[in-house]
Amino acid sequence: MTERDDGDAGAAGALDISSADAPLIRVLIVDDDGGLQDETAGYLKANGYAVETARDAPTMDSALGRLRYDLIILDVMMPGENGLSICRRLSEADAPAIIIMSAMGDQVDRIIGLELGADDYLAKPASPRELLARIRAVIRRRGRVGGSRTGGARLYQFAGFTLDQHRRRLTSPRGLTILLTRAEMALLVALLDARGGVLTRDQLLEGASLEPSDSFDRAVDVQISRLRRKLGDSDRQGVIRTVRGAGYRVASPVILC
């Protein structure tokens, strides 16, 4: 269980954490199941992560007050404040990435967790190797290690808007700040990276590290609709265009800074 998972590093697109010069990725496991905590922490430590644990929200808040973490693995059903409430209040620009790992694994619960700001959602019991791959994907997509840029985070300019991926901040042509959820951010970045190319729902889901399904297809449409409202788009014109029978694209030149 605690052997180093070198064999999957290339397939998962892992960050190179084997170098002595690479900053440690700090992970906080928030779960009241002590046995699962120990098992997960041991596996992640064996794969090069700095890991601490918390049994509930107060213990988590204390840990966050001491150290800056890159990612939180968060259970839903805990005594006191539950994981969804925690996720909601931690969903801000400089908060750690969040992977919800819960026995509540149906599609509705996943969608709720993602809309509240989680970066990914994994049903228990989860394979440690799958969790490791999900962590690598989230860290790579967020573009930060140790609370700093890794080179993946970018500044985008399009249609008068400026998107700071690192701070998860969208600024309107009038200079107003537009708040985005993590799901909205992931979808917008995927569209901007396509530089006007059409992305299918499956491609957008992949960019957000979600598993394709009918429910998630509808979730993409909902998120796109919310993005359009925040961008001031109408149904027939604006930044995000629908390509009938194909998907979505950004109808504006995109500049990367």
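Above this note sits the structure.
Reading the values: the criteria
- Residues numbered from 1 in each chain as written.
- Predicted model: local features only at pLDDT ≥ 70, side-chain atom pairs only at ≥ 80, totals over all residues.
- Heavy atoms only, no water.
- Helix = DSSP H or I, 4+ residues; strand = E, 2+ residues; numbered from the N terminus.
- Buried < 20%, exposed > 50% of the residue type's maximum accessible area, 1.4 Å probe, protein only.
- Contact = heavy atoms within 4.5 Å.
- Pairing = 2+ DSSP bridges.
- Axes fitted to C-alpha atoms, helices over the stretch in contact; angles between N-to-C directions.
- Expected span 1.5 Å × (residues − 1).
- Arc of directions from axis to C-beta.
- Polar contact = N/O pair within 3.5 Å; in protein donor to acceptor, adjacent residues only side chain to side chain.
- Salt bridge = Lys/Arg side-chain N within 4 Å of Asp/Glu carboxyl O.

*Asks:* Honestly, the side chain of T40 in this entry has me stumped. Any pointers?
*Replies:* Here T40 is to be found in helix α2 (residues 34-46). According to the relative accessible area criterion, T40 is buried, its value standing at 9%. Apart from the residues lying within four places of it in its own chain, the contact partners of T40 are I29, I73, M101 and L131.

*Asks:* Explanation requested: the sheet that holds strand β5 (residues 120-123) in the structure shown.
*Replies:* Within a beta sheet, neighbouring strands are joined by backbone hydrogen bonds and run either parallel or antiparallel to one another. In space, the five strands of this open sheet follow the order β2-β1-β3-β4-β5, with parallel pairing throughout. Two strands close off the open sheet at either side, each with one partner strand: β2 (50-54) and β5. Averaged over neighbouring strand pairs, the angle between their axes works out to 20° when direction is ignored. Alignment of strand β3 (residues 71-74) against strand β4 (residues 97-102), held across four bridges, turns out to be parallel.

*Asks:* Teacher, can you tell me more about α2 here?
*Replies:* Side chains three or four residues apart in an α-helix point the same way, a direct result of the helix having 3.6 residues per turn. Here α2 is 13 residues long and its end C-alpha atoms lie 18 Å apart, about the 18 Å a rise of 1.5 Å per residue gives. Along α2, the residues classified as buried are Q37, T40, A41, Y43 and L44. Looking straight down α2, one finds that the buried residues subtend no more than 165° of arc, so they occupy a single side. Exposed side of α2, more than 90 degrees from the buried face: G35 and D38 are the residues found there. For α2, the capping residue at the N-terminal end is D33, with a side-chain oxygen 3.2 Å from the backbone nitrogen of G35. Positive backbone phi, approximately 95°, marks G48, located one or two places after α2.

*Asks:* Help me understand the sheet that holds strand β9 (residues 161-164), please; the structure alone is not making it clear to me.
*Replies:* Pairing is antiparallel across the open sheet formed by five strands, whose spatial order is β11-β10-β9-β8-β14. The two strands at the open ends of the sheet, each matched to only one other strand, are β11 (177-179) and β14 (254-256). Averaged over all adjacent pairs, the angle separating strand axes in this sheet is 25°, with direction ignored.

*Asks:* Any chance you could explain the pairing of strand β8 (residues 155-158) here in plain terms?
*Replies:* The alternating pattern of β8 places Y156 and F158 on a buried face and L155 and Q157 on a face that is not buried. The pairing of β8 with β9 spans four bridges and is classified as antiparallel. Along β9, the bridge assignment pairs L155 with D164. The antiparallel pairing of β8 with β9 creates a hairpin that spans two residues between the two strands, and A159 there sits at a positive phi of about 50°. Here three bridges tie β8 to β14, and the two strands are oriented antiparallel to one another.

*Asks:* Would you mind going over the pattern of salt bridges with me for this structure?
*Replies:* Two side chains carrying opposite charge are able to pair once their charged atoms lie near each other. One pass over the structure, following the stated rule, counts ten salt bridges. A salt bridge links K230 to E184, with the nearest nitrogen and oxygen atoms 2.7 Å apart. Linking K230 in helix α9 (residues 214-231) with E184 in helix α7 (residues 182-193), this pair joins segments that are 46 residues apart in sequence. The class of E184 is buried, set by a relative accessible area of 2%.

*Asks:* What exactly am I supposed to notice about unusual backbone geometry here?
*Replies:* Outside of glycine, negative phi angles account for most residues, and trans bonds account for most peptide bonds. With a phi close to 50°, A159 is a non-glycine residue in the positive phi region. The topology assignment puts A159 in the loop between β8 and β9. Exposure remark for A159: the relative accessible area of 40% places this residue in the partly exposed category. The backbone of R195 shows a phi angle near 55°, a positive value even though the residue is not glycine. Its place among the elements puts R195 in the loop between α7 and α8 (201-207).

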